[in-house]
Structures are given as C-alpha cells and as structure tokens.
Amino acid sequence: MEKITVNLCLGTTCFVMGGAKLQELAETLPAKYGDKIEVVGKTCLELCSSGFSKAPYAKVNDQIIGEATAEKIISAIEEILNPKEDEKVENDEDEE
Ligand code: FES
C-alpha cells in the first residue's frame with residue numbers, strides 16, 4: 001500500500017483559525033500509524049484564498065478537509081486504511 005500523505009496547513013490564516021492544534025499531529029500520527037503515513041507541514045495549501053470560513057485546512061491524500069480537527073483527519077486516514085466492503089473489493093482488484 002502506498003503511504004498516505006497528510007498535508008497540514010501551518011499558514012497564518014489556518015494557524016489563527018485553530019490550526020495551531022494540528023501541529024501536534026506531526027508527532028502523534030507517525031507514532032500511531034508508523035510508516036503507513038507521511039505528515040507534511042505546508043506554509044499554505046492555497047485554500048484560504050477562497051474564503052476563511054473553513055480554515056484550518058488539511059489534506060489527506062487528495063481529500064481536502066475543512067475546519068480540520070485531529071478527529072476528522074484520523075477519520076479520513078481510517079477510511080483509507082479500512083475501506084468499506086465495496087471499496088475494499090475494488091482495491092483488492094487493483095492490487096492484482
Ligand atoms: S493558510 Fe491555510 S490554506 Fe492558506
């Protein structure tokens with residue numbers, strides 16, 4: 001399985017809107033998931049320019065997470081690691 005990339009926005013807008021708490025994930029996620037995951041801090045994900053209402057932002061692979069919290073990010077990671085049955089069948093077929 002490819003590594004899951006978690007991009008955490010550490011830019012000013014996101015930081016002010018609650019992103020400061022997300023910085024802790026840079027340490028806790030690798031500890032929880034080991035080498036299944038790569039956490040990258042970004043200075044700006046270029047999402048805040050469309051409006052501040054959903055900051056702080058994070059991305060799990062290509063999935064944008066607005067009003068990001070540790071819970072939302074972990075939930076997105078878990079969905080990738082433990083896909084629902086329909087998706088699992090598709091993914092199993094991809095691996096062959
Ligand atoms: S500061 Fe977070 S998306 Fe721009």
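Draft legend 1. Structural context of the overall build of the protein chain. Within the protein chain, the regular secondary structure consists of four helices and four strands. Counting helices and strands in the order they occur from the N terminus, the protein chain gives β-α-α-β-β-β-α-α. Across the 96 residues that make up the protein chain, the buried fraction comes to 22%. Contacts in the protein chain between residues far apart in sequence, at least 24 positions, make up 60% of those at least 6 positions apart.

Draft legend 2. Quick look at unusual backbone geometry. For the bond from Ala55 to Pro56, the omega torsion is 5 degrees, close enough to zero to count as cis. With respect to the secondary-structure elements, Pro56 resides in the loop between strand E2 (37-42) and strand E3 (58-60). Positive phi, normally seen in glycine, also occurs at Glu46, with a value near 65 degrees. Relative to the elements of secondary structure, Glu46 occurs in the loop between E2 and E3. Among the residues examined, Glu46 registers 11 C-beta atoms within 10 Å and is labelled exposed. Here the phi dihedral of Asn61 falls at roughly 50 degrees; this positive angle occurs in a residue that is not glycine. In this fold, Asn61 is placed in the loop between E3 and strand E4 (63-65). On the basis of neighbour count, Asn61 is assigned to the partly exposed category, with 13 C-beta atoms found within 10 Å.

Draft legend 3. Focus on the nonpolar core. If you look at the biggest cluster of nonpolar residues, it comprises 17 residues, and the most contacted ones within it are Tyr57, Ala58, Val60, Ile65 and Ile73. Those elements that place two or more of their residues in this core are strand E1 (4-9), helix H2 (25-33), E3 and helix H3 (70-81). Every residue in contact with Ile65, bar those within four places of it in the chain, is listed here: Tyr57, Ala58, Lys59, Val60, Lys72, Ile73 and Ala76.

Draft legend 4. Representation of the confidence of the model for the protein chain within the structure. Model confidence for the protein chain is summarised by a mean pLDDT of 88, while 86% of its residues fall at 70 or above. Confidence scores differ between elements of the protein chain, with helix H4 (residues 85-95) showing the lowest mean pLDDT of 60 and E3 the highest of 97.

Draft legend 5. Spatial organisation of the sheet that holds E4. With mixed pairing, the four strands of this open sheet are ordered in space as E2-E1-E3-E4. In this open sheet, the two edge strands, each paired with only one partner strand, are E2 and E4. Geometrically, the sheet is characterised by an average inter-axis angle of 20 degrees between neighbouring strands, direction not taken into account. The pairing of E3 with E4 spans three bridges and is classified as antiparallel.

Draft legend 6. Local environment of H3. For H3, which comprises twelve residues, the first-to-last C-alpha distance of 16 Å matches the rise-based estimate of 16 Å (1.5 Å per residue) to within 8%. Every buried residue of H3 is listed here: Ile73, Ala76 and Ile77. All buried residues of H3 lie within an arc of 100 degrees about the axis, which places them on one face of the element. Exposed positions of H3 whose direction lies more than 90 degrees from the buried face are Glu71, Ser75 and Glu78. Looking at the packing, one finds that the buried side of H3 touches E1, H2, E2, E3 and E4.

Conventions and cut-offs
- Residues numbered from 1 in each chain as written.
- Predicted model: local features only at pLDDT ≥ 70, side-chain atom pairs only at ≥ 80, totals over all residues.
- Helix = DSSP H or I, 4+ residues; strand = E, 2+ residues; numbered from the N terminus.
- Buried ≥ 20, exposed ≤ 12 C-beta atoms within 10 Å, placed from the backbone.
- Contact = placed C-beta atoms within 7 Å.
- Core = buried A, V, L, I, M, F, W, Y, C linked by C-beta atoms within 7 Å.
- pLDDT = per-residue confidence, 0-100.
- Pairing = 2+ DSSP bridges.
- Axes fitted to C-alpha atoms, helices over the stretch in contact; angles between N-to-C directions.
- Expected span 1.5 Å × (residues − 1).
- Arc of directions from axis to C-beta.

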